[in-house]
Amino acid sequence: MAIRKIVKYGEASLRQPSKEVHKVSQKIKNLVQDLMDTMYAQNGVGLAAPQIGENVRVFVIDVSTGDEPLNPKVFINPKIIKKTGACISAEGCLSFPEAYTNVRRYSNVTIKALDINGRSFVMEATDGTLLARAIQHEFDHLDGILFIDHSINRFEAEEALKKHNLPPIQVEKLLDEPELAEAVDKLIEENLKKENK
Ligand code: ZN
């Protein structure tokens, strides 16, 4: 189909909540193909429809690496039905070229969605794997939430944005995640202790 232009951080539509898909029509299938084409062209791990200017609840993920065969996964009208544990994730996003920062994520998620044929499926991703983190990252895009909203260190995130000429953090969008924050602070403390040994 087509490689589409990616919506960059600072453009308003990236913050808009996306609409449910009513029917997995040919139009939606074409959109999925465009998402795949654009994701692969950019060497991305995932891409959500709002990132190509379509505010509908669809995203794609492929966490295959190196010489593994491609393994595209399509999520339509996804719902995260379970999330547990906490981990630290160094993330970037195709809407934030070159900028990376550490964010808080759940380690384990269970997601329910429709596939490209409109069939419902449930997928579990555990242990803070790339898949588990990518699911949370892409799911957020459908609600206008961006990875920087989960930043562990606002100042580190601010530096990364500045370095790559991206607009600053939107402080009012920073998420209050007391459960995750406490677990992640503990992880950071443990890592520091290990380093000092
Ligand atoms: Zn993203």
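In case you missed it, the structure is sitting above this.
Scope of this entry: the structure provided in the associated data block. Quick caveat: nothing in here was measured; it's all calculated off a predicted structure.

All right, on to the overall build of the protein then. In terms of regular secondary structure, the protein is built from 4 helices and 7 strands. Its helices and strands taken in sequence order, the protein reads α-β-β-β-β-β-β-β-α-α-α from the N to the C terminus. Taken over the C-alpha trace, the protein has a radius of gyration of 17 Å; the compact-globule value for 197 residues is 16 Å, and the two agree within 12%. Projecting the C-alpha coordinates of the protein onto the three principal axes gives extents of approximately 55 × 35 × 35 Å. When the 197 residues of the protein are sorted by exposure, 44% land in the buried category. Long-range contacts, defined as pairs at least 24 residues apart, comprise 65% of the intrachain contacts of the protein with a sequence gap of at least 6. Only carbon and sulfur atoms are counted for the fraction: they give 51% of the accessible area of the protein, which is about 10700 Å². Counting 26 positive and 29 negative side-chain charges, the protein places the centres of these two groups 5 Å from one another.

Moving on, we come to the layout of surface pockets. Its boundaries defined by the atoms lining it, the largest pocket holds a volume of some 500 Å³. Forming the walls of the largest pocket are 22 residues, and the residues nearest its centre are V45, G92, C93, L94 and Y100. The set of elements that each furnish at least two residues to the lining of the largest pocket consists of strand 4 (87–93), strand 5 (96–105) and helix 2 (130–141). Its residues placed into classes, the lining of the largest pocket shows 11 nonpolar, 6 polar and 5 charged. Roughly 210 Å³ of volume is contained in the second largest pocket. As for the second largest pocket, its lining consists of 13 residues, of which K83, Y106, Q136, D140 and H150 are closest to the centre. At the level of elements, strand 3 (73–84), strand 5 and helix 2 are the ones that each hand at least two residues to the lining of the second largest pocket.

Turning to the coordination of the zinc ion, a few remarks are in order. Only C93 (SG), H137 (NE2) and H141 (NE2) from the protein reach the zinc ion as donors, at distances of 2.1 to 2.2 Å. A residue is classified by how much of its surface remains accessible, and H137, at 8% relative accessible area, is buried. Overall, the relative accessible area of 1% leaves H141 in the buried class.

With that out of the way, let us pick up the pattern of salt bridges. Evaluated as defined, the whole model comprises 9 salt bridges. Linking K79 and E20 is a salt bridge whose minimum nitrogen-to-oxygen distance equals 3.5 Å. In this pair, K79 sits in strand 3 while E20 sits in the segment before helix 1 (26–41), placing the two residues 59 residues apart along the sequence. With relative accessibility at 44%, the residue K79 sits in the partly exposed group. Judged by its relative accessible area of 37%, E20 falls in the partly exposed class. Among the salt bridges present, the one from E177 reaches R104, with a minimum N-O distance of 3.2 Å. Linking E177 in the loop between helix 3 (154–163) and helix 4 (178–196) with R104 in strand 5, this pair joins segments that are 73 residues apart in sequence. Among the charged side chains, a network of salt bridges with common partners joins R4, D34 and E54.

Time to look at the pairing of strand 4. Residues C87, S89, E91 and C93 of strand 4 are buried on one face, while the alternating residues I88, A90 and G92, pointing to the opposite face, are not. The pairing of strand 4 with strand 5 spans 6 bridges and is antiparallel. When the bridges of strand 5 are listed, E91 appears paired with T101. Hairpin connection between strand 4 and strand 5: a loop of 2 residues separates the two successive antiparallel strands.

Quick notes on the rules
Residues numbered from 1 in each chain as written. Predicted model: local features only at pLDDT ≥ 70, side-chain atom pairs only at ≥ 80, totals over all residues. Heavy atoms only, no water. Helix = DSSP H or I, 4+ residues; strand = E, 2+ residues; numbered from the N terminus. Rg over C-alpha atoms; globule rule 2.2 N^0.38 Å. Buried < 20%, exposed > 50% of the residue type's maximum accessible area, 1.4 Å probe, protein only. Contact = heavy atoms within 4.5 Å. Areas by Shrake-Rupley, 256 points an atom, 1.4 Å probe, with all protein chains shown as cover. Lys, Arg positive; Asp, Glu negative; His and termini not counted. Charge placed at Lys NZ, Arg CZ, Asp CG, Glu CD. 1 Å grid on protein atoms, 1.4 Å probe; cavity = no way out; pocket = protein on both sides within 12 Å on 5 of 7 lines; lining within 4 Å. Points joined across faces, edges and corners; volume = space filled by probe spheres on them. Nonpolar A, V, L, I, M, F, W, Y, C, P; charged D, E, K, R; others polar. Donors = N, O, S within 2.8 Å, 3.2 Å for Na, K, Ca; no water. Salt bridge = Lys/Arg side-chain N within 4 Å of Asp/Glu carboxyl O. Pairing = 2+ DSSP bridges.

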